[in-house]
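Commentary on secondary and tertiary structure
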Amino acid sequence: MSEVKIIEFEEGWNFMQMGITKLKKILEGEELCFSSQEYMMLYTTIFNMCTQNKPPPNDYSQHLYDKYREAFVEYINYTVLPSLRERHNEFILREIVKRWANHKIMIRWLSRFFHYLERFFIARRSLPGLDEVGLMCFRDLVYEELKGKARDAVIVLIDKEREGEQIDRGLLKNVLDIFVGIGMGKMEYYENDFEDAMLKHTAAYYSRKASSWIVEDSCPDYIKIRVSHYLHVVSETKLLEKVQNESLVVYTNQLLEKEHSGCRVLLRDDKAEDLSRMYRLFHRIHKGLEPVSNMFKQHVVAEGMVLVQQAEDTTHSKSETPFFVRKLIELYDKYMAYVTNCFSINSLFHKALKEAFEVFCNKIVSGFSSAELLASYCDNILKKGGSEQLSDDAIEETLDKVVKLLSYINDKDLFAEFCRKKLSRRLLFDKSANDEHERLILTKLKQHCGGQFTSKMEGMVTDLTLARENQNNFQEYLSNNPSPSPGIDLTVTVLTSGFWPSYKSCDLSLPVEMAKCVQVFTEFYQTKTKHRKLTWIYSLGTCNGNGKFDSKTIELILGTYQAAVLLLFNSSDRLSYSEIKSQLNLADDDLIRLLQSLSCAKYKILIKEPSNTTVSSSDHFEFNSKFTDRMRRIRVPLPPVDERKKVVEDVGKERRYAIDACIVRIMKSRKVLPHQQLVAECVEQLSSMFKPDLKAIKKQMEDVITRDYMERDQENPNFVQVFSLNQ
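Computed from a predicted structure; not experimentally measured. (Residues numbered from 1 in each chain as written. Predicted model: local features only at pLDDT ≥ 70, side-chain atom pairs only at ≥ 80, totals over all residues. Heavy atoms only, no water.)

Focus: the overall build of the protein
- On a plain count of helices and strands, the protein comes out with 28 helices and nine strands.
- The proportion of buried residues among the 727 residues of the protein is 45%.
- When contacts within the protein are restricted to residue pairs at least 6 apart in sequence, long-range pairs at least 24 apart make up 69% of them.
- Carbon and sulfur atoms make up 50% of the accessible area of the protein, which amounts to about 38900 Å² in all. (Helix = DSSP H or I, 4+ residues; strand = E, 2+ residues; numbered from the N terminus. Buried < 20%, exposed > 50% of the residue type's maximum accessible area, 1.4 Å probe, protein only. Contact = heavy atoms within 4.5 Å. Areas by Shrake-Rupley, 256 points an atom, 1.4 Å probe, with all protein chains shown as cover.)

Laid out in structure tokens, this is it:
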């Protein structure tokens, strides 16, 4: 076999230079691309010059590696840089994009010609690869010289677009790709040489623009502005932060306080769409929603206080109190819709709405607490003939909203007691419009406030069912035992005292007819149980009696006390005040109310001497046989008694018991606590039912110490607030 001809370096490189020269002409558009034969000859030349090992000096790998770099340097210095240095502004950007594209083509072809170096020589010496060498040449010679001019030209174009001019976004993207590509996988060149300057310029630009926008534009127009997306993805967050800081954060207060288009104006004018846009914008900013939610809270508080004032101006009696609750529900519906639709159910706005409602929902309106007003509103919905005439679906929806309003009221225990009082009257006097609705409100309250909240009211409803069964058993007892008949149609409702509100009880000396009824029922009840004691609440009783007047007989619907008074006149034509008092064993307050209802009110069943409108201990009374009325059946009302004071007193007692129990429960668990911490834990545990008064807590703490449930810690004389439980 003939020996392979050794290629001298000068000979081989002259041949390679012809190929490189053609490549340069191809890049300048002066020649066509390489043929396959030309490519193979160039590749083979490099291959042979690197593999001819004998003699050793004929391996030209290092020389070729150096020449590879020189080829780029020569082309850049003599062709690329001169063409770039004579251009400016947008034209330099177009030229640099073109030269960058050509340079990458040159790298691709030359790295294919010199590929053998990449595979063996470069790998063994751990030298920079061919692609890297080509990129470093462009970076060191072109990029470093022209990066400033290119960056400034890019920023000029960005400003033009911000001002509304049309620009070549593709050109911008291609230029910025050079800043990214020159880093060969790292973003330091893009960030240091372009992004930093761009962000500073952006901050300055939006600072200038925002100062004029805030004066010229309304808040809704201001927040419609959009940032164009033409930068690398890593810049998006940083750019947005700059824009937000300069155009929003700096001017947050001015934007929200604008006279004709700020947040308060949008709320006042119900601009839901603009409020939604404002929310979407400000929620991007760290703590940006806090001032918006504060304004929302202030606005709702102001609206609520207007309702309170309107209610003060128009509400003069309990019959008119539903106005305030109806308006509260409307206000809740309106602003809950804002929280849901405009503010995406954000917790900040939920909290703002809650805190706002807590302000005016705990105001005293015309002498009534919101707890009582809410209970009265429920009573109007649930009782027969109430002022709130609603469909079944509307009743359910309204009760649901009432329960939600309850969460804003501090005195939930007061609401529960008023509800229990009103429920008792509906149940005992058959005033309840619908049993299903009664169970519905109890279910909703139980779900919202817990089983303890409704346990007594649920017991009341159950009691009525058992009472009906008991009455049926009583009727059966009478039919089977005719001898103990009371002689009067008697219905007795037996209740469990623990479930029902406390009622005033007195040792009324009943007339014979009534006393017999009590005796008969007591004998019946003793046949059922020996361990329960009946306490008769005559103030809740109702009697239907016939008044035999000269003109006609009229059926009278009376209270038990009223009936007892009138029955005395079956055996006496005339009685003095003192005689009635001694026979019935009534207190003066009760007797005066009774006699006023029978002799001084609309229906004068009794004639009083002297004939005036006040009852005194020297008065005398006789049956008015001349009384007449166009009706054959009339109800003789008693003067109303304000039970509110008693309800408040009962709740006050229950609160003292609750505070006592809470203190003991905490101390059993914690053993030793500082005074202030014990108070704080009591407030936290009790606040679900009522807002405890700190003085009341401290008073009960002293009471618990007095009763030896706990004592002051003797080992810490300088820390007197510490308490410990007696062992």
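Here the narrative resumes, following the displayed structure.
Topic: the pairing of strand 5 (residues 620-623)
- Inspection of the sheet shows strand 3 (residues 574-576) paired to strand 5 by three bridges, in the antiparallel sense. Paired with serine 576 across the strands is histidine 620, a residue of strand 5.
- Of the strand pairs in this sheet, strand 4 (residues 606-609) and strand 5 are connected by four bridges, and their pairing is antiparallel. Bridge assignment links leucine 606 to a residue of strand 5, and that residue is phenylalanine 623. (Pairing = 2+ DSSP bridges.)

Some details on the nonpolar core
- Ranked by internal contacts, the top residues of the largest apolar core, which has 74 residues, are Phe296, Leu353, Phe357 and Phe415.
- Among the elements that take part in this core, helix 15 (residues 322-342) stands out by supplying 11 residues, more than any other.
- When sequence neighbours within four positions are dropped, the list of residues in contact with phenylalanine 357 reads Val300, Leu328, Leu331, Tyr332, Leu405 and Tyr408.
- Counting 68 residues, the second-largest nonpolar core is a separate cluster that includes Val133, Cys137, Val154 and Ile167. (Core = buried A, V, L, I, M, F, W, Y, C linked by side-chain atoms within 4.5 Å.)

Focus: the pattern of salt bridges
- Under the criterion given, the structure shown has 43 salt bridges.
- The partner of lysine 354 in a salt bridge is glutamate 358, with the nearest N and O atoms 2.4 Å apart. Taken as a pair, lysine 354 and glutamate 358 lie in helix 16 (residues 347-360) at a separation of four residues, close to a single helical turn.
- By relative accessible area, lysine 354 is classed as partly exposed at 39%.
- Since its relative accessible area comes to 25%, glutamate 358 is described here as partly exposed.
- Shared partners join several salt bridges into a network, and the residues in it are Glu28, Glu86, Arg87, Glu95 and Arg99. (Salt bridge = Lys/Arg side-chain N within 4 Å of Asp/Glu carboxyl O.)

Focus on the environment of leucine 440
- Mapped onto the elements, leucine 440 comes out in helix 20 (residues 435-449).
- When near neighbours in sequence (up to four residues on either side) are disregarded, leucine 440 contacts Glu396 and Leu399.

What about the sheet that holds strand 5?
- The sheet built from three strands is open, its strands ordered 3-5-4 with antiparallel pairing. Edge positions in the sheet fall to strand 3 and strand 4, since each of these pairs with one other strand and no more. Across the sheet, the axes of successive neighbouring strands diverge by a mean angle of 25°, strand direction being ignored.
- Packed onto the sheet, helix 24 (residues 577-584) meets strand 3 and strand 5 and runs at close to 85° relative to strand 3. (Axes fitted to C-alpha atoms, helices over the stretch in contact; angles between N-to-C directions.)

Some points on the packing of aromatic side chains
- One pass over the structure, following the stated rule, counts 39 aromatic pairs.
- Ring centres of phenylalanine 47 and tyrosine 116 lie 5.0 Å apart, and the angle between their planes is 85°; this geometry places the pair in the edge-to-face category. Note that phenylalanine 47 is positioned in helix 2 (residues 36-51) and tyrosine 116 in helix 5 (residues 115-125), a separation of 69 residues in sequence.
- With relative accessibility at 32%, the residue phenylalanine 47 sits in the partly exposed group.
- Considering the side-chain rings of phenylalanine 179 and phenylalanine 194, the 5.6 Å spacing of their centres and the 40° angle between planes classify their relative orientation as tilted. On the criterion of sequence distance, the pair formed by phenylalanine 179 in helix 7 (residues 169-181) and phenylalanine 194 in helix 8 (residues 188-216) is long-range, its members being 15 residues apart. (Phe/Tyr/Trp six-rings, centres within 6.5 Å; stacked < 30°, edge-to-face > 60°.)

Describing the pairing of strand 1 (residues 542-548)
- Where strand 1 meets strand 2 (residues 553-559), seven bridges bridge the pair, whose relative direction is antiparallel. Within strand 2, the residue paired with glycine 547 across the bridge is isoleucine 554.

A closer look at the side chain of glutamine 562
- One can find glutamine 562 in helix 23 (residues 560-567).
- Within the structure, glutamine 562 has its side chain in polar contact with the backbone oxygen of valine 636 (distance 3.3 Å).
- Ignoring sequence-local partners within four residues, the contact set of glutamine 562 consists of Leu594, Ser597, Leu598, Val636, Pro637 and Leu638. (Polar contact = N/O pair within 3.5 Å; in protein donor to acceptor, adjacent residues only side chain to side chain.)

Brief notes about the side chain of serine 369
- By the secondary structure assignment, serine 369 is in the loop between helix 16 and helix 17 (370-382).
- Each residue touching serine 369, except ones within four places of it in the same chain, is listed here: Ile364 and Leu414.

A closer look at the state of the cysteines
- With the rule as written, the count across this model stands at zero disulfides.
- Unpaired in terms of disulfides, cysteine 662 finds its nearest cysteine sulfur in cysteine 682, a separation of 4.0 Å. (Disulfide = S-S within 2.5 Å.)

Section: helix 19 (residues 412-428)
- Given a rise of 1.5 Å per residue, 17 residues ought to cover 24 Å, and the 24 Å separating the end C-alpha atoms of helix 19 matches this to within 8%.
- Taken across its 17 residues, helix 19 has 15 buried, putting it largely inside the fold.
- Of the residues trailing helix 19, aspartate 430 is marked for its positive phi of about 55°. (Expected span 1.5 Å × (residues − 1).)

Observations concerning the packing of helix 2 against helix 5
- In the contact formed by helix 2 and helix 5, the axes pass within 9 Å of each other and the chain directions differ by 25°. In terms of orientation, helix 2 lies roughly parallel with respect to helix 5. On helix 5, the residues touching Tyr43, Phe47, Cys50 and Thr51 of helix 2 are His115, Tyr116, Leu117 and Arg119. (Parallel < 35°, antiparallel > 145°, perpendicular 65-115°, else oblique.)

Re the environment of leucine 428
- Note on placement: leucine 428 falls in helix 19.
- Sequence-wise, leucine 428 and glycine 541 are 113 residues apart; in three dimensions their C-alpha atoms are separated by 9.2 Å.
- If near-sequence neighbours (up to four positions away) are discounted, leucine 428 is found in contact with Leu464, Thr493, Leu495, Trp500, Tyr503 and Leu540.

Overview of the environment of threonine 202
- Structurally, the position occupied by threonine 202 is in helix 8.
- Considering only alpha carbons, one finds threonine 202 and aspartate 159, 43 residues apart in sequence, at a separation of 8.8 Å.

As for the confidence of the model for the protein
- Overall, the prediction assigns the protein a mean pLDDT of 82, with 87% of residues at 70 or greater.
- In the predicted structure, residues 213-230 sits below a pLDDT of 50 and forms 42 contacts with residues beyond four places in sequence or in another chain.
- When the criterion is pLDDT under 50, residues 717-727 qualifies, and its contacts beyond four places in sequence or with other chains add up to 37 contacts. (pLDDT = per-residue confidence, 0-100.)

Observations regarding the sheet that holds strand 2
- In spatial order, the strands read 1-2-6; together these three strands make up an open sheet with mixed pairing. Strand pairing shows two members of the sheet lacking a second neighbour, strand 1 and strand 6 (633-635), which therefore form its edges. Taking the axes of each pair of neighbouring strands and ignoring which way they run, one obtains an average angle of 25° across the sheet.
- Sheet strands in contact with helix 23 are strand 1 and strand 2, and its direction is about 130° off that of strand 2.

Some points on unusual backbone geometry
- Of the consecutive residues glutamate 609 and proline 610, the connecting peptide bond is found in the cis state with omega at -5°.
- Look at asparagine 89: it is not a glycine, yet its phi comes out positive at around 55°.
- One can find asparagine 89 in helix 4 (residues 89-113).
- Taking the relative accessible area as the measure of exposure, asparagine 89 reaches 57% and is therefore exposed.
- Despite not being glycine, serine 366 shows a phi value in the positive range, around 50°.
- Relative accessible area serves as the criterion here: at 23%, serine 366 is assigned to the partly exposed category.

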